[in-house]
Amino acid sequence: QLDDVNDYIILYRNTETPISVAGLIASVVERLPETVTLDRIDMQMGTKRQVRSTKRVAGGRSNENEPVERVMLAELAGFAVSDNDIAEFVTKLQRSAPFDQVSLDFSRQRLVTDQAAREFRLSFTVDLSRRYIDQRLVNATQEGELTHDE
């Protein structure tokens, strides 16, 4: 029975996320300019191996046992009035935790209800090995908006 509990704890630690998906989406929306609309959000949990070298280490072994980094890979797609609006959104994400490696994949012309618009897709990662504090909760607590049962 103790082994089952330990197995569950290990499974939980390997699959938990340090930030809620709802909190992450809220962070994206807070940085969204009014003239930008999202029509697709794709998030996948994954790992990436921290490769130092493609060479074999001493003894002829490869570095397959090197630690892996848990990451969330995300893509956002949508449309905006202009490329400047898209650039503003990308910049806001780049300057904010927990967003890492934010990049604009493409921007191109698109018709939205017979109006010219800019379609775009951007991507970013979130390092799941770090812990994050939801600043909105901290601010609400400091302002006395949230309380706990006594």
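See the structure above.
Residues numbered from 1 in each chain as written. Predicted model: local features only at pLDDT ≥ 70, side-chain atom pairs only at ≥ 80, totals over all residues. Heavy atoms only, no water.

Caption draft 1: Examining the side chain of serine 123 more closely. Within the element layout of this structure, serine 123 appears in strand β4 (residues 115-127). Here aspartate 105 takes part through its side chain, which lies 3.2 Å from a polar atom of the side chain of serine 123. (Helix = DSSP H or I, 4+ residues; strand = E, 2+ residues; numbered from the N terminus. Polar contact = N/O pair within 3.5 Å; in protein donor to acceptor, adjacent residues only side chain to side chain.)

Caption draft 2: Looking closely at the pairing of β4. Of the pairings in the sheet, the one linking strand β3 (residues 100-112) to β4 comprises 10 bridges and is antiparallel in character. The residue of β4 that forms the bridge with leucine 111 is alanine 116. Connecting β3 to the antiparallel partner β4 that follows it, the hairpin turn spans 2 residues, and threonine 113 within it adopts a positive phi of roughly 45°. (Pairing = 2+ DSSP bridges.)

Caption draft 3: How the structure looks around the pattern of salt bridges. Tallied over the full model, the rule gives 7 salt bridges. A salt bridge links arginine 110 to aspartate 39, with the nearest nitrogen and oxygen atoms 3.0 Å apart. Here the residue arginine 110 occupies a position in strand β3, and aspartate 39 occupies one in strand β1 (residues 36-49), the gap between them amounting to 71 residues. The class for arginine 110 is partly exposed, based on a relative accessible area of 24%. Its salt-bridge partner being glutamate 75, residue arginine 40 comes within 3.3 Å of it at the nearest N-O pair. Placement of arginine 40 in strand β1 and of glutamate 75 in strand β2 (residues 68-80) is noted, with a sequence separation of 35 residues between them. (Salt bridge = Lys/Arg side-chain N within 4 Å of Asp/Glu carboxyl O. Buried < 20%, exposed > 50% of the residue type's maximum accessible area, 1.4 Å probe, protein only.)

Caption draft 4: Layout of helix α2 (residues 21-30). Three or more residues of α2 are buried, namely Gly23, Leu24, Ser27 and Val28. End-on, the buried residues of α2 take up no more than an arc of 145°, which puts them together on one face. (Arc of directions from axis to C-beta.)

Caption draft 5: Spotlight on the nonpolar core. Within the largest apolar cluster, 19 residues are counted, with the highest numbers of intra-cluster contacts made by Leu76, Phe89, Leu93, Phe99, Leu122, Phe124 and Val126. At the level of secondary structure, the elements contributing two or more residues to this core comprise α2, β2, α3 (83-94) and β4. For phenylalanine 99, the contacting residues outside a window of four places in its chain are Leu24, Ser27, Val28, Arg31, Leu93, Phe124 and Thr125. (Core = buried A, V, L, I, M, F, W, Y, C linked by side-chain atoms within 4.5 Å. Contact = heavy atoms within 4.5 Å.)

Caption draft 6: Structural view of a nonpolar patch on the surface. A cluster of nonpolar residues, Leu2, Val5, Tyr8, Ile9 and Leu11, forms a patch on the protein surface that exposes about 500 Å² of accessible area. Inspection of the secondary structure puts isoleucine 9 in helix α1 (residues 2-15). (Patch = residues over 30% accessible without salt bridge, like charges linked within 9 Å, V, L, I, M, F, W, Y side chains within 5 Å. Areas by Shrake-Rupley, 256 points an atom, 1.4 Å probe, with all protein chains shown as cover.)

Caption draft 7: Local environment of α3. Taking 1.5 Å of rise per residue, the 12 residues of α3 would be expected to cover 16 Å, and the 16 Å separating its terminal C-alpha atoms lies within 8% of that figure. Asp85, Ile86, Phe89, Val90 and Leu93 are the residues of α3 that are buried. Looking straight down α3, one finds its buried side chains confined to an arc of 135°; they lie on one side. With a side-chain oxygen lying 3.3 Å from the backbone nitrogen of asparagine 84, the N-terminal cap of α3 falls on serine 82. (Expected span 1.5 Å × (residues − 1).)

Interpretation in functional terms is not warranted from these geometric data alone.
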